[in-house]
Amino acid sequence: MSDEMMLSDLRAFIFDMDGVIYRGAAVLPGAAEFVANLRHAAIPYLFVTNNSTTPPRAVAERLIGMGIDATPDQILTSADATALALAKEHNGGRALVIGEAGIREALVGVGFTLTESFREADMVVVGMDRQATYARLREAALAIQRGIPFVATNTDRTLPTEEGLVPGAGSLVGMLEIATSRKARAIGKPAPDIFLVALQRMGATAAYTGAIGDRPETDILGGQAAGLRTIAVLTGAGTPEQFAAMHPGPDWVFADLVELNRAYFHR
């Protein structure tokens, strides 16, 4: 536990989603209760996820269906962060995308057009894509070899499901990196940018905001890079041994959100 402040001093929270709020279609223990208690206490919270597959409105609908209070404005995905970053750097352009509706809609929403042709592409953007085909990966690899920007929404190698860990966006990114001998630029966690956008949305201060996550290499490192307090939960990809091996490690480690809820609200 942190020596510098108490858990109860935190005044805002940033939640990871996969492995923290839910695992696949299953709500994880304590998620609905903790979020409801934060809402009742008027403590700001935001859901920040490296999953780029789904637009914020659909993510919010899914959470509401799970009994968790959320609005689209409380959802920040790596797709949103990637689109915002690229929009600042490029005056539109044609993006060849390996990814689902989340990243596609986010890019179109900030002025990019989508292409399927490696010859037309001005950039390649890669996220999680459960419908990825060899033909599209081939086009992406050929485009990347032209020397255009190669951007990843995130590099999570796996995605937690009810059955276990399955290949994530990072697996597709890794395939293209191997095929092209080029390294992708990653926008999502552990880069601090997505956390800084979240803080701005909430009007929160980094030092008094807790980043809750299940992955040491993304959630915890990213939160630390942005100056947040970090809270690890053991309901997703990270193990107690992995968190213990971090230097510095997370400020707090809990088995699940049931434990965190009890500790924060002194129950």
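Residues numbered from 1 in each chain as written. Predicted model: local features only at pLDDT ≥ 70, side-chain atom pairs only at ≥ 80, totals over all residues. Heavy atoms only, no water.

Enquirer: Where do I start with the pairing of strand β6 (residues 93-98) in this structure?
Expert: The pairing of β6 with strand β7 (residues 112-114) spans three bridges and is classified as parallel. Across the sheet, residue Ala 95 finds its bridge partner in β7, namely Leu 114. In this fold, the crossover linking β6 to β7 by way of helix α4 (residues 101-109) has right-handed handedness. When β6 meets strand β8 (residues 123-126), the two strands line up parallel, connected through four bridges. (Pairing = 2+ DSSP bridges. Helix = DSSP H or I, 4+ residues; strand = E, 2+ residues; numbered from the N terminus. Right-handed = clockwise from strand over helix to strand, strands pointing away.)

Enquirer: Quick question: what am I supposed to make of the side chain of Thr 82 here?
Expert: Mapped onto the elements of the fold, Thr 82 is located in helix α3 (residues 78-89). On the basis of relative accessible area, Thr 82 is assigned to the buried category, the value being 0%. Leave out the neighbours within four places in its chain, and Thr 82 touches Ile 103, Val 125, Val 151, Ala 152, Thr 153 and Ile 187. (Buried < 20%, exposed > 50% of the residue type's maximum accessible area, 1.4 Å probe, protein only. Contact = heavy atoms within 4.5 Å.)

Enquirer: Quick question: what am I supposed to make of the pattern of salt bridges here?
Expert: All chains considered together, the criterion is met by 13 salt bridges. Residues Asp 156 and Arg 215 are paired through a salt bridge, measuring 4.0 Å at the closest nitrogen-oxygen approach. A residue pair is termed long-range when its members are at least 10 positions apart, and Asp 156 in the loop between β9 (150-152) and β10 (158-161) and Arg 215 in the loop between β13 (209-213) and α8 (216-225) qualify at 59 residues. The closest approach of N and O atoms between Glu 177 and Lys 183, which form a salt bridge, is 3.9 Å. For Lys 183, a relative accessible area of 68% corresponds to the exposed category. Residues joined in a network through salt bridges with shared partners are Asp 16, Lys 189 and Asp 219. (Salt bridge = Lys/Arg side-chain N within 4 Å of Asp/Glu carboxyl O.)

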